[in-house]
Amino acid sequence: MVLFKLLARGEKPNTYSSLSDALGVSSSEVHASIGRAKSARLISVEIDRPLVIRAALREFLIHGAKYAFPATLGSPVRGIPTAYAAPPLVTLLSQPNELPPVWPDAEGNQRGVTFYPLDPTAPRAARKDRVLYEFLALFDALRGGAARERQLAARILSDRVA
């Protein structure tokens, strides 16, 4: 989630504190996430500024997301649409006659099947940042979507991460 937030922020300065505030997680969680991403060679840190290594992240997202972060589904709940039911895929795919995947959220506007987010703070962070929301929804399509959803999500994420 931290890497998606870095991409969503673009060239804006990113401190652990600013990322922590934007994502609703502690600074130590952001620091640990940056450390893991650095060890995985998904980012580099130059003068305390984390920079996403886009080619490596794109490869990981397309080929490793569903294995490293498998989708977990639950019972019907009110929440925020994700995967094929969220932008940008919602306009590209026909919707099946079943409950859509949603992140559980009391402020959500859609009833659907629980699709547990990458992090419990994702719904709150996504409400504050549309670009982050789309990154996370596309990531969910990679994690738990059908073949067509994964293919479209991979193409869109590849273009956005490039």
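Okay, so let's go over this structure.

Digging into the overall build of the protein
- Helix and strand content of the protein: 7 helices and 5 strands.
- Beginning at the N terminus, the succession of helices and strands in the protein can be written as α-α-α-β-β-α-β-β-β-α-α-α.
- For 162 residues, the compact-globule formula gives about 15 Å, and the C-alpha radius of gyration of the protein, at 15 Å, lands near that figure.
- With the principal axes as the frame, the protein shows a C-alpha extent of 50 × 30 × 25 Å.
- Burial statistics for the protein: of 162 residues in total, 47% are counted as buried.
- At a minimum sequence separation of 6, the contacts of the protein that also span at least 24 residues come to 59%.
- Surface summary for the protein: the accessible area is close to 8,500 Å², and the carbon and sulfur share equals 53%.
- Taking the average location of the 21 positive side-chain charges in the protein and that of its 15 negative ones, the two points are 2 Å from each other.

A closer look at the packing of helix H2 (residues 16-23) against helix H3 (residues 27-39)
- Between H2 and H3, the shortest axis-to-axis distance is 8 Å and the interhelical angle comes to 110°. By the angle class used here, H2 and H3 are roughly perpendicular. Here Tyr 16, Ser 17, Leu 19 and Ser 20 of H2 come into contact with H3, specifically with Ser 27, Val 30, His 31 and Ile 34.
- A per-class count over the contact of H2 with H3 returns 4 nonpolar, 4 polar and no charged.

Some remarks on the pairing of strand E5 (residues 110-115)
- Looking at chain direction, strand E3 (residues 73-81) and E5 are connected through 5 bridges and run antiparallel. Across the sheet, the residue bridging to Arg 78 is Arg 111, located in E5.
- Looking at chain direction, strand E4 (residues 101-104) and E5 are connected through 2 bridges and run parallel. Along E5, the bridge assignment pairs Val 102 with Thr 114.

The rules behind these values
- Residues numbered from 1 in each chain as written.
- Predicted model: local features only at pLDDT ≥ 70, side-chain atom pairs only at ≥ 80, totals over all residues.
- Heavy atoms only, no water.
- Helix = DSSP H or I, 4+ residues; strand = E, 2+ residues; numbered from the N terminus.
- Rg over C-alpha atoms; globule rule 2.2 N^0.38 Å.
- Buried < 20%, exposed > 50% of the residue type's maximum accessible area, 1.4 Å probe, protein only.
- Contact = heavy atoms within 4.5 Å.
- Areas by Shrake-Rupley, 256 points an atom, 1.4 Å probe, with all protein chains shown as cover.
- Lys, Arg positive; Asp, Glu negative; His and termini not counted.
- Charge placed at Lys NZ, Arg CZ, Asp CG, Glu CD.
- Axes fitted to C-alpha atoms, helices over the stretch in contact; angles between N-to-C directions.
- Parallel < 35°, antiparallel > 145°, perpendicular 65-115°, else oblique.
- Nonpolar A, V, L, I, M, F, W, Y, C, P; charged D, E, K, R; others polar.
- Pairing = 2+ DSSP bridges.

Honestly, it's all geometry; don't read function into it.
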